[in-house]
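Secondary and tertiary structure notes
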Amino acid sequence: MGLLDKLSVWLGRGKAEVTVLVLGLDNSGKSTLLNALRAPEQRVAHTTPTVAQQQEHFQSGGVSFSAWDVSGAPRHRALWERHYRRAHAVIFVVDSADHLRLVVAREEMELLLAHPDMFGRRVPLLIFANKSDAAHALAPMQVAAALCLERITDKPWHICASCALSGAGIADGVTWLARQLRDGLVPTQHT
Amino acid sequence: MTRWLDVEVGTDDIDLITLPSNLALVDLQNDNEFKLVVGDLGRGEEGPKLKVFKGAMQISDTILPDLPLGVVGFSINESMPRSVPLIAVAYSSCVYMYRNLKIFYKYYLPSSELNMCEIEVWKQLTNPSYHNIESLQSLTDSLGAIPHKLLSPQSQNLLDLTPDQQLEYLENITDVPSKKNAEIVCITTLKLHSIEREKSVCILKRDWPEGRILFNTDEHIIAVEVVTADNSVMVICADNTLACYSKKGKKQWCLTLEHRPVAMTLVPVLHLGVTLTAVALATGHVHLYDGKARRDTIFVRDLVSVMKFGQLGQEEHVLIIVTGGGNLMLKILKRTADFSAHAAGVQLSPHAAGGQRPWLIPKKSKLFLEQSVRERENAVSMHQTFQHELNRLRLLAAKTLLEAHVKSDNSIGIGPMDSLRLTAEVEGLGPVFRVTLIIENTSKEKAVIGLAILFHVHTINYKVSNPYIKVPLLSPGGKLKFPTKIEEVFDDQINPDVLFRPVTGQGGERSLVKVLLVKEGKTTPILAATVQMPPTDPMMLPFDKMQAAAGLESNEDSNWFTKT
Ligand SMILES: Nc1nc2c(ncn2[C@@H]2O[C@H](COP(=O)(O)OP(=O)(O)OP(=O)(O)O)[C@@H](O)[C@H]2O)c(=O)[nH]1
Ligand SMILES: [Mg+2]
């Protein structure tokens, strides 16, 4: 593939939006995290628990994201799988100070990875160990161990600590995701 | 497949000895993060303590003045914003309230002065000179004359003894009753109180002077739970049975457990509509029953001391187990867990399938009751209002229907039917032609109904396969096509002229087909079109008829046909 072709694909890629699913238990900070990615003047002061889902748009590393913020309440979690098919990437948010529910987060992630619409697809998985500022928050490595991330073989994954209230750590994670999508998607388009 | 997720609990510093009534799940900080509050009885040197857990992590430790007998959390008012919930800890004769884990209120149950007669009797009772059967008899008689509920527990006990035992008791007695202290047996915020005595379950209600015995069991009761849905009472007994009694005290059913039960708790799973009964056995198993049917078994590997199920932290369905060794175990019910008979692999006996389980019918709400009262009081006016509204609705429906009907009624007499267009296409070489009629409704807002197409032809000349076609509703701007076969008919004597029609281009009168567009209820057609049928190609003429024609003509010009 010539340089010009590559360039045009890159430019084309920059225009098209990739769909990213933002998942995680209720109260993990998904909406707060997406709020932090907005332009400062568009941010809301307080997030309320999401009902059903809402859509957000942001850009990073030359990639436009269309993010689906899905409610994490137990009775809405069954709706996650409806979005799996169209997802190009998944952001999984974990409350790293909620030790009790780490097992629940692990269970939900296992269900996600085993779902027919997800299993075996090379969908980049970004995990935010959120609320790193909270008392007794676990380090990202501990969260990774609790979620058994080392067992994931079919997807590239990355975990990083974040504080959705201050915005710390979010940019790092999203940059990784943008790079994965660029590197991962460009070749597959031409094969 | 297990239905439970195990939460890892650091076992090192948790050492709990407690009672089922000493566990409470309270939203202590009003942040929807429920904490586990445990009244710990203490062990050895360590005195009783109130311990608060956030998830599996202990976050506070308060020393208690006495052995706790019950712990409950409650909020004073339900109005928003809600105040911080209080914790009430019951001791033998007082209740302490804690707010933010600091003592905030102490309540001593009223102690009452003893009856003068009783004090007099006791003065004599403690005098050794009265310690013989006869004088004792008269003294106990005078005690018995005092209303039973006014007596101190000591006097009550004395009256229950045989004369010999009474003598022995009085020999050893050191202190005389002076005050009567009420004793707390249980503390709860439930409306229905039930407490267990040796082998019977009593029911207490506010304003009742004393408990009423609901039922008796054969063996010692280990635990009692009241199912809120139907107020039935679940009991586990030392004879290894789990029994269910109705609220009237009638035994519903009883089943024998594999081993000695040690603890019980109810497991209400609202989204599945079931309330399970968890029974822990001495073998370290916990069985979950839906009514009589066992739906799940958890092996906890340790002797259970206390179990409780409810919301902990943000998680609604947590089974909390305190083991005999003082450890804390937390098990979270999976979101996908299913306790239906099918999922549990249980064969429903026809008996159980007969709908023994009561339906989950919600309590009549205040709103419902108010509405029903209103309905009873204003039945007539409500009925009238309803009928009035119903009639108005009918009128509106009729008006709308009429309007739609008028709009779609394209009577030829009133308005020109210029909104309809009829065109025809003829295809084919003959003698069978395909005539396609296209009806178009050019109007923007009127639909047309009740149309039909009628072919008007001379049956000697043409045969129409479908001379009458009903046209379905034609929506505004709609267009419908109706293909029909029209066959030219040749009689046995073919006029030789027909063979020259392609040359002259003259079909003559007989080649005209009239198409009429008629409408239901109208005596005159709305539209009429005349289609000039093309002549049939001579090469397509039916051969036998051609032969016949040729035969006829051969008389005059015998070689004409073969020449061509
Ligand atoms: N301390 C701290 N609090 C956070 C952080 N992120 C979110 N929160 C708080 O967590 C609470 C829940 O945040 P949301 O963003 O509404 O959670 P969510 O994941 O969208 O929840 P659902 O919409 O119910 O699924 C809010 O009160 C946030 O202020 C963080 O990084 N640190
Ligand atoms: Mg949200």
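Residues numbered from 1 in each chain as written. Chains lettered and ligands numbered in written order. Predicted model: local features only at pLDDT ≥ 70, side-chain atom pairs only at ≥ 80, totals over all residues. Heavy atoms only, no water.

**Focus on the overall build of chain B**
When helices and strands are tallied, chain B shows nine helices and 33 strands. Buried residues in chain B amount to 37% of all 564 residues. Within chain B, residue pairs in contact and separated by at least 24 positions form 48% of the contacts whose partners lie at least 6 positions apart. When the accessible surface of chain B is totalled, it reaches about 33,300 Å², and 54% of it is carbon and sulfur. (Helix = DSSP H or I, 4+ residues; strand = E, 2+ residues; numbered from the N terminus. Buried < 20%, exposed > 50% of the residue type's maximum accessible area, 1.4 Å probe, protein only. Contact = heavy atoms within 4.5 Å. Areas by Shrake-Rupley, 256 points an atom, 1.4 Å probe, with all protein chains shown as cover.)

**As for the overall build of chain A**
Assigned secondary structure in chain A consists of five helices and six strands. The proportion of buried residues among the 191 residues of chain A is 50%. In chain A, once contacts between residues fewer than 6 apart in sequence are set aside, the share between residues at least 24 apart is 76%. In the form shown here, chain A has an accessible surface area of approximately 9,300 Å², with 56% of it arising from carbon and sulfur atoms.

**A closer look at the coordination of the magnesium ion (ligand 2)**
Residue and element names in this part refer to chain A. Coordination sphere of the magnesium ion (ligand 2), protein contribution only: Ser31 (OG) and Thr50 (OG1), at 1.9 to 2.0 Å. Pair noted here: Ser31 is in helix H2 (residues 30–36) and Thr50 is in the loop between H2 and strand S2 (53–60), with a separation of 19 residues, a long-range link. Exposure remark for Ser31: the relative accessible area of 15% places this residue in the buried category. (Donors = N, O, S within 2.8 Å, 3.2 Å for Na, K, Ca; no water.)

**Considering the interface of chain B and chain A**
Contact with chain B, which involves 14 residues of that partner, is made by 14 residues of chain A. Counting each side, the surface lost to burial between chain B and chain A is near 1,300 Å², with a carbon and sulfur contribution of 62%. Taken as a group, Leu5, Gln314 and Arg335 of chain B account for 47% of the area that chain B buries against chain A, more than any other trio of residues on that side. Our count for the contact surface shared by chain B and chain A stands at three salt bridges. Here Glu107 of chain A makes a salt bridge to Lys334 of chain B, at a shortest N to O gap of 3.9 Å. Linking chain B with chain A are one residue pair in polar contact (both at pLDDT 80 or more), by the criterion used here. Among the elements that line the side of chain B that touches chain A, the one with the most residues is strand S1 (residues 4–7) of chain B, at three residues. Within the side of chain B that touches chain A, the residues separate by chemical class into six nonpolar, four polar and four charged. (Buried area = accessible area lost by both parts, 1.4 Å probe. Salt bridge = Lys/Arg side-chain N within 4 Å of Asp/Glu carboxyl O. Polar contact = N/O pair within 3.5 Å; in protein donor to acceptor, adjacent residues only side chain to side chain. Nonpolar A, V, L, I, M, F, W, Y, C, P; charged D, E, K, R; others polar.)

By themselves, these are just geometric observations and shouldn't be taken as functional.
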